[in-house]
Amino acid sequence: MNKFLYVIASVAILAGAYVWSFGVPGGPPAGVESEAAAAQGAGVPGGPGGPPGRPGGGGATAVVLMPLNMQPFEDTFRAIGSSEAVTSATLTSDVSGRVVEVNLSSNAQVSEGDLLVQLDARAATLTLETAQSELEQASATVARYERLQQSGNSTVTEVTISEAQLALRLAEATVAQAELVLEDLTIRAPISGKLGLSDVNVGDFLTANTPIVTLDDSSALLVEFELPERSVGYLSLGREVTLETPATTGLFFKGEITSFDSRIDDVTRSVTVKVQVENPDETLWPGMTFTARLSNMSDPLIVVPTTAITWSRDGASIWFEEDGKAQSTPVTILHRRDENVWLDVDLPLGTLVITEGAHKLRAGSEITNVKAPTQQPEQS
């Protein structure tokens, strides 16, 4: 059985070699068909001697041309930041004392000067009364010495009057100091705004510099964020920035740049920016997270597809048509986005630029414009 299969395989190999060498029995000899085809293709586009612009011809190179046009480039910067009230305060006590009165309802709206916390002021009141009594006595002493001096009493000298006036000034300072201590025991709202949460109650003993409550004027907010280094050319006071926050989905707010840092952070390579957004109805709260968007629309610039750019040791360039021939000119790429690049190039609008086929060109090559092939969807 194995010998039979071996014989059949040998015959098949010999037959294939014969057909390959001499052709099919009864057909044209090997090589005749290819010569005829070559001769027939001599007058067909794409064959030897065929029309120019086709493979094998020596005429124009087929390329895709597009006229130069202009459009502006929108450069957009996005950043995440948090907000704070433009005017806010964290109230603390300058002195220690026991709380005897509290007006700290959370989210309550207060006006500047409203009483918020009263500390025990009995000792300070007594000190003030004592100082006022001493002031009255010192003032009376000075007045008496001055009358005696005016009446010609020689016992009242200039030294006596000077000492009395000094005692009067010291008494005045003591009264002022006592009044200040008494005033520090009364904590009032330094601004108008909304109170935050507080756990201070009547009877608590407050020590100096203990935080009592936060107070925010939320009629305007400051949103702080960081932008990359390349944005510094677009920063200016009063420039508009678009803001949005997850707390108000679908709503956009307009803010203005009020300040920005004068240095680039040497670690993050970014600049800190603050934007003020008006909030008259207090829809926005301090502490909210915001997405800030700063956009800049340039003047119209020449734009071409990325396929039109060619590269060499000299840099970027584009090819264009001039009197039916291909020419090259260097370009400076200003911006790049998706499939387009914006250029600085010294060419007039409407110049036909080669967007496909430029890789096979040489300066002065004849070119012909063809329609770019359209990719057909695959048949299922």
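This text follows the structure it describes.
A short tour of the structure in this document, coming up. Keep in mind it's a predicted model, so treat the numbers as computed, not measured. (Residues numbered from 1 in each chain as written. Predicted model: local features only at pLDDT ≥ 70, side-chain atom pairs only at ≥ 80, totals over all residues. Heavy atoms only, no water.)

## Quick look at the packing of aromatic side chains
- The full count for this structure, using the stated rule, is 2 aromatic pairs.
- Arranged with centres 4.7 Å apart and planes meeting at 65 degrees, the rings of F73 and W342 form a pair that is edge-to-face. In this pair, F73 sits in the loop between strand 2 (69-71) and strand 3 (74-92) while W342 sits in strand 20 (residues 340-344), placing the two residues 269 residues apart along the sequence. Assigned by exposure class, F73 and W342 land together as buried.
- Aromatic side chains F77 and Y234 sit 5.5 Å apart centroid to centroid with 50 degrees between the ring planes, which places their arrangement in the tilted category. Of this pair, F77 sits in strand 3 while Y234 sits in the loop between strand 10 (211-228) and strand 11 (240-244), and the two are 157 residues apart along the sequence. Both residues of the pair, F77 and Y234, belong to the buried class. (Phe/Tyr/Trp six-rings, centres within 6.5 Å; stacked < 30°, edge-to-face > 60°. Helix = DSSP H or I, 4+ residues; strand = E, 2+ residues; numbered from the N terminus. Buried < 20%, exposed > 50% of the residue type's maximum accessible area, 1.4 Å probe, protein only.)

## Points about the pattern of salt bridges
- Throughout the structure, instances matching the rule amount to 6 salt bridges.
- Residue D120 pairs with R122 through a salt bridge whose shortest N-O separation is 2.9 Å.
- Between K254 and E240 there is a salt bridge, and its shortest N-O distance comes to 3.7 Å. Of the two residues, K254 is situated in strand 12 (residues 253-260) and E240 in strand 11; the sequence distance between them amounts to 14 residues.
- Residue classification places E240 among the partly exposed positions, given a relative accessible area of 47%. (Salt bridge = Lys/Arg side-chain N within 4 Å of Asp/Glu carboxyl O.)

## A short note on the packing of helix 3 (residues 122-150) against helix 4 (residues 158-184)
- With their axes 8 Å apart at the nearest point, helix 3 and helix 4 run at an angle of 160 degrees to one another. Between helix 3 and helix 4, the angle falls in the class roughly antiparallel. Regarding helix 3 and helix 4, the two cross each other, and that crossing is left-handed.
- Split by residue class, the contact of helix 3 with helix 4 holds 16 nonpolar, 9 polar and 5 charged. (Axes fitted to C-alpha atoms, helices over the stretch in contact; angles between N-to-C directions. Parallel < 35°, antiparallel > 145°, perpendicular 65-115°, else oblique. Left-handed = near helix turned anticlockwise from the far one by under 90°. Nonpolar A, V, L, I, M, F, W, Y, C, P; charged D, E, K, R; others polar.)

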